[in-house]
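Fold and contact review
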Amino acid sequence: MSVAVQTPSQLSSATDSLRVGINGKPVDTSAGRTILDVCRSAGVAIPTLCHDDRLKSCGACRLCLVHLKGRPNLVTACSTPIAAGMEIETHTAEIEATRRTLLELLTANYPTEPPQTFPDKPFHRLLRDYGVSPPATTAPHAARFRDHTHPYLAVDMTRCVTCFRCLRICNELQGQSVWHALHRGADTTIVPDGPTMLTSSCVSCGACADTCPTGAIEDQSVLHRGAPTRWTRTTCPYCGVGCEMNVGTRDRQIVQIRPALDSPVNKGHLCVKGRYAFDFVHSPDRVTEPMIREHGTWRTASWDEATAFVATRLRQIVEEHGAHSIGVLGSARGTNEENYLAQKFARVVLGTNNVDCCARVCHAPTAAGMKRTLGTGAATNSFDDIEHARTILACGSNATEAHPILGARIRQAAMHGATLIVIDPRETELARLATVHLALHPGTNVPLLNALANVIVTENLYDATAIRERIADAEAFFAFIREWTPERAAKLTGVPAERIRAAARLYATQSPSMCFHGLGATEHTQGTDGVMCLVNLALLTGNFGKPGSGVNPLRGQNNVQGSAHMGCEPSHLTGYVSVDDGRAAFESIWNTTLPRDRGLNLMEMIDAAAAGQLKALWAIGYDIAHTNPNASATRQALHALDLIIVQDLFMNKLAREHAHVFLPACSSFEKDGTFMNSERRVQRIRQALEPTGNSRPDWIIIRDIARAMGRGDQFDFHSPGGIWDEIRSVWNAGSGISYARLESAGLQWPCPDEQHPGTPILHTTSFPYGARAALQRVEFHATPENIDEKYPLLLTTGRSLFQFNAGTMTNRTPNASLRATDTLDISPSDAQTMELVTGERICLSSRRGSIEMPVRITENVKPGELFATFHSEDIALNELIGALRDSVTSTPEYKVVAVRIDKLPPS
Ligand SMILES: Nc1nc2c(c(=O)[nH]1)N[C@H]1C(S)=C(S)[C@@H](COP(=O)(O)OP(=O)(O)OC[C@H]3O[C@@H](n4cnc5c(=O)[nH]c(N)nc54)[C@H](O)[C@@H]3O)O[C@H]1N2
Ligand SMILES: Nc1nc2c(c(=O)[nH]1)N[C@H]1C(S)=C(S)[C@@H](COP(=O)(O)OP(=O)(O)OC[C@H]3O[C@@H](n4cnc5c(=O)[nH]c(N)nc54)[C@H](O)[C@@H]3O)O[C@H]1N2
Ligand SMILES: [Mo]
């Protein structure tokens, strides 16, 4: 088959209405669509094999041939644009005979068994419809590629009908180009770019298996557990992209997950975690009963007993030491409803603002920096702006690994001509695709971003209209920024001045320019400063309030945006209203006097514990024993507490080493509620499974403890929907987001009433503070964490594709075999100097401690710099991280650590 690709842009983009005839019936439609599309909308099913709505049409299989009156030859419906007056015949005897012949040709060498064992595969359904079966004498292509090495993908190309969907989806959606066609015509065979799937460049996104119409590429889980019998639409439990997916279950087990095709977030795509890393739910070590630790040993308890135990202990501690001796941590993995209850519990039941969540260690600088400059501490634009941006700036974001679906969209944009500027010390996948890569030294965002602003100002590349109409304080900023020449920044950042100039010119002139940032921007002593510098660039160049622009944090977990927004934040109530501004309203709604003291954030809670002032901590779905910085100090502080309540799916490190009581929560597949993604979109999660054992949804656990402590009046909830309705009543910008509306699609706040469509782009005409936003004069205060003779190397830490944070979930799935351990990435030249080889275990020491881990030699890091992930509990990377924090938000400086490598004696 030949592949003649027709891009959507070659089809007319006009939307004029027109009339055609389909099998003799008049149909009104509009231009810019294909015949296939129009026929389908009119309820006329045309068989296809190579077609997938996610892909450009290629007309390769020719099954969708139709007849057009007045045309001598049949045309392919999938690639022919509709035109006024067309008289289309879709099922004449001639066409049907041609289709049958095509199917017979495709089955000439097709194995006989699959159509019976997998009758629902699209190709097998077609064979049935046309009464075609593989001939009894069939001789499948014996030499074709077969591979069962991969934990998720089984390949048997004897079932390949060369529709090229695998190859096309790998290129067009994921951008990975794993699959290749060898030979031509009838000899065509599709192979990966390595001898096996495991050694190929495959990132295990599973798109090829998803689109394959025959099962030549199939999910291993389906082969081993059978096809799903029930599908439930929900939202992914991993990162802040918030992909929508359909969970396939059979016999109370997840057997397959497929992307929602109509989701505006992921557009029919998922990554390896969303699609495949679900087995943690069924892990044999899920905690299924409440547990109480007595004299050092755990015993199970009933829910009544555990609830009473927690209520009694908390009451005692409030009485003896005051409410401010207790801290509550909400879970960025839990729902909005659950986080709302967690902070309401702290404030209403206990009487303290000591409530926080992992946004503290993550994007608190984003929320603070953007709230201060723009008035709203959240992404200004939407993922759908990617395709409108001419320039994309990625600062400290490794999106292809940490936000793979978004990373894939950025990669597609770059491959289709968008300018990509990457600011990252490492050569990430995006950096390799970048027009300009600014490989700064870790910890030097502020001088680099200031120098970009300097070039924009000194070369008059700013948007004069935006400055005149929407910006305050421009003159003072212009005077300040003149001092930040690229030459000055080059000395501090290690990035050549000319490269800084090139990037600034591109960002300013190739607009609209859209900025995404990650933890490389925030996890620094100057985290909030760095974010404000990014906002400066957008303001200067008028890249705000319009499509394809803005400043967009890529938030971490599935619901970290929601967790903080619901009020798991010491200084903010639900809706990110400051405690002081919201006090009166919330006191009347909650029928409570709210605490007046400033609440402690997580880092301050740890300090207070060490100082003996904090006595109890309730950690909901957050393993601070593994993931907090300065692990030994954290450990000591936790040891000093009288009561630690852990509410989680698993006996995580915090539970095992410190907890007094364990409350077993159920996973997001086992409950209802909502998550909020990085682009302010509230989306439903729906229960696909019964809770495992006696585990319970977090909202029920929190509610019951509140009731046991005498505040049943404020916790009279019977469903997540009921909690959500209370949230809507206290949060104006969310009041239009009802569960009923969320049935069909997610909604982006602000969405103040039920007629409001939601807000994809903020600040289009003004800012919450008024007409103008102010440019910030951000001085550079370098981190005191410096290299010296004893610690001569600079370590930065972060993530990798297959593992997720503490690894609690991913390590209980076959992802563990795709990446078994953290590694220390080192440049070839440093490795050579130290005589290290890949896989060798070394001792890595910082001023805080020493750990052992294997090295991996890679060109991705510069000489003198190192990179390590923090997913492996046994390696305990965070023993090395220091106590330095962002001056505004206390966010730890995970990204800069001075270290030394020592060789280990041969064992
Ligand atoms: N697969 C996977 N996905 C995840 C997670 C996971 O653990 N695994 N975790 C989730 C969570 S909680 C979060 S918060 C997000 C995080 O997502 P990201 O922010 O993308 O993740 P990181 O790897 O921590 O850091 C991003 C980049 O910052 C760079 N960097 C380091 N120092 C600097 C610096 O000084 N300046 C600049 N400009 N860059 C620097 C690093 O080299 C790294 O490439 O990912 C989420 N998604
Ligand atoms: N060195 C280094 N350390 C870092 C970072 C770094 O870049 N470098 N990044 C930091 C960042 S950004 C973050 S966000 C933190 C992440 O740190 P954590 O939040 O501790 O990491 P997760 O692995 O996301 O763990 C969340 C916990 O939630 C549980 N869980 C999952 N679903 C549910 C649920 O529905 N209910 C309940 N109750 N529990 C649930 C899981 O079992 C797991 O124990 O790590 C931080 N630590
Ligand atoms: Mo995070």
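These numbers were taken from a predicted model, which means no experiment stands behind them.

1. What to know about the overall build of the chain
Each helix and strand counted, the chain has 32 helices and 38 strands in total. The globule rule puts the C-alpha radius of gyration for 907 residues at 29 Å, and the 29 Å found for the chain is close to it. With the C-alpha coordinates aligned to their principal axes, the bounding extent of the chain is approximately 90 × 70 × 70 Å. For the chain, buried positions account for 64% of its 907 residues. Counted over contacts in the chain with a minimum sequence separation of 6, partners at least 24 positions apart contribute 71%.

2. Section: the environment of L506
Among the secondary structure elements, L506 is positioned in helix α19 (residues 497–509). With near-sequence residues (within four places) excluded, L506 lies in contact with T391, T419, I421, T435, V436 and S513.

3. Some thoughts on the pairing of strand β36 (residues 850–857)
Pairing geometry for strand β34 (residues 824–826) and β36, over three bridges, is parallel. The residue of β36 that forms the bridge with I826 is I857. As paired elements, strand β35 (residues 841–845) and β36 share five bridges and run antiparallel to each other. Among the inter-strand pairings, C843 is bridged to a residue of β36, identified as E852.

4. Looking at the nonpolar core
Counting residues in hydrophobic clusters, the biggest one holds 156 residues, and the most contacted among them are F345, L663, F669, L795, L824 and L844. Sort the elements by how many residues they give to this core and helix α10 (residues 336–350) lands first, with eight residues. Counting residues in each nonpolar core, the second largest holds 53 residues, with I471, A504, F767 and L775 among its members.

5. Digging into the environment of I787
Within the secondary structure, I787 sits in the loop between β32 (773–774) and β33 (793–798). Considering only alpha carbons, one finds I787 and A898, 111 residues apart in sequence, at a separation of 5.1 Å. Among all residues touching I787, those that are not within four sequence positions of it are P792, L793, L794, R847 and A898.

6. Points about the domain arrangement of the chain
Considered domain by domain, the chain is made up of domain 1 (8–105), domain 2 (109–282), domain 3 (291–362 + 559–748), domain 4 (364–553) and domain 5 (793–903). A separation of 38 Å is found between the C-alpha centroids of domain 2 and domain 4. Listed per partner, the contact involves 17 residues of domain 2 and 14 residues of domain 4. Contact between domain 2 and domain 4 buries roughly 1100 Å² in total, counting both sides, with carbon and sulfur atoms accounting for 58%. In terms of surface lost to domain 4, no three residues of domain 2 exceed Q174, V241 and K267, which account for 32% of the buried area on that side. Seen at the junction of domain 2 and domain 4, the total is one salt bridge. Among the ionic pairs, K267 bridges to D384, the shortest N-O distance being 2.9 Å.

7. A look at the site of ligand 2
The immediate surroundings of ligand 2 are formed by 33 residues, with R333, D623, D648, D698 and N878 found nearest. One nitrogen or oxygen atom from the side chain of N878 is found 2.6 Å from a nitrogen atom belonging to ligand 2. Y894 places a side-chain nitrogen or oxygen 3.4 Å from a nitrogen atom of ligand 2. Within the complex, 99% of the 920 Å² of free accessible area of ligand 2 lies under protein.

8. Some points on the site of ligand 1
As a structural note, the neighbourhood of ligand 1 is formed by 35 residues, with A402, L519, R799, Q803 and N805 the closest of them. N398 has a polar backbone atom sitting 2.9 Å from an oxygen atom of ligand 1. Within the side chain of D424, a nitrogen or oxygen atom sits 2.7 Å from an oxygen atom of ligand 1. Burial of ligand 1 by the protein amounts to 99% of the accessible area it has alone, namely 920 Å². Counting only elements with at least two residues in the shell around ligand 1, the list comes to α12 (399–402), α20 (519–522) and β33. Of the domains in this structure, domain 4 (364–553) and domain 5 (793–903) are the two that each give at least three residues to the shell around ligand 1.

9. Some points on unusual backbone geometry
With an omega of 10 degrees, the peptide bond running from S511 to P512 counts as cis. Mapped onto the elements of the fold, P512 is located in the loop between α19 and β22 (513–517). Residue P750 is bonded to the preceding W749 through a cis peptide linkage, with omega at 0 degrees. Along the chain, P750 falls in the loop between β31 (747–748) and β32. Phi at D473 takes a positive value of approximately 65 degrees, unusual for a residue other than glycine. Looking at the element boundaries, D473 is found in the loop between β21 (471–472) and α17 (474–481).

10. Points about the pairing of strand β2 (residues 25–30)
Here six bridges tie strand β1 (residues 17–22) to β2, and the two strands are oriented antiparallel to one another. Within β2, the position partnered with R19 by the bridge is D28. As consecutive antiparallel partners, β1 and β2 are separated by two residues, and within that stretch N23 has a phi angle of approximately 50 degrees, a positive value.

11. Points about the sheet that holds strand β6 (residues 146–147)
Sheet architecture is open: three strands sit in the order β6-β7-β10, paired in antiparallel fashion. At either end of the open sheet lies a strand with only one pairing partner, and these are β6 and β10 (217–219). Inspection of the sheet shows β6 paired to strand β7 (residues 153–156) by two bridges, in the antiparallel sense. By the bridge assignment for β7, R146 is matched with D156.

Criteria and thresholds
Residues numbered from 1 in each chain as written. Chains lettered and ligands numbered in written order. Predicted model: local features only at pLDDT ≥ 70, side-chain atom pairs only at ≥ 80, totals over all residues. Heavy atoms only, no water. Helix = DSSP H or I, 4+ residues; strand = E, 2+ residues; numbered from the N terminus. Rg over C-alpha atoms; globule rule 2.2 N^0.38 Å. Buried < 20%, exposed > 50% of the residue type's maximum accessible area, 1.4 Å probe, protein only. Contact = heavy atoms within 4.5 Å. Pairing = 2+ DSSP bridges. Core = buried A, V, L, I, M, F, W, Y, C linked by side-chain atoms within 4.5 Å. Domains from an automatic or database assignment. Buried area = accessible area lost by both parts, 1.4 Å probe. Salt bridge = Lys/Arg side-chain N within 4 Å of Asp/Glu carboxyl O. Near = heavy atom within 4 Å. Polar contact = N/O pair within 3.5 Å; in protein donor to acceptor, adjacent residues only side chain to side chain. Areas by Shrake-Rupley, 256 points an atom, 1.4 Å probe, with all protein chains shown as cover.

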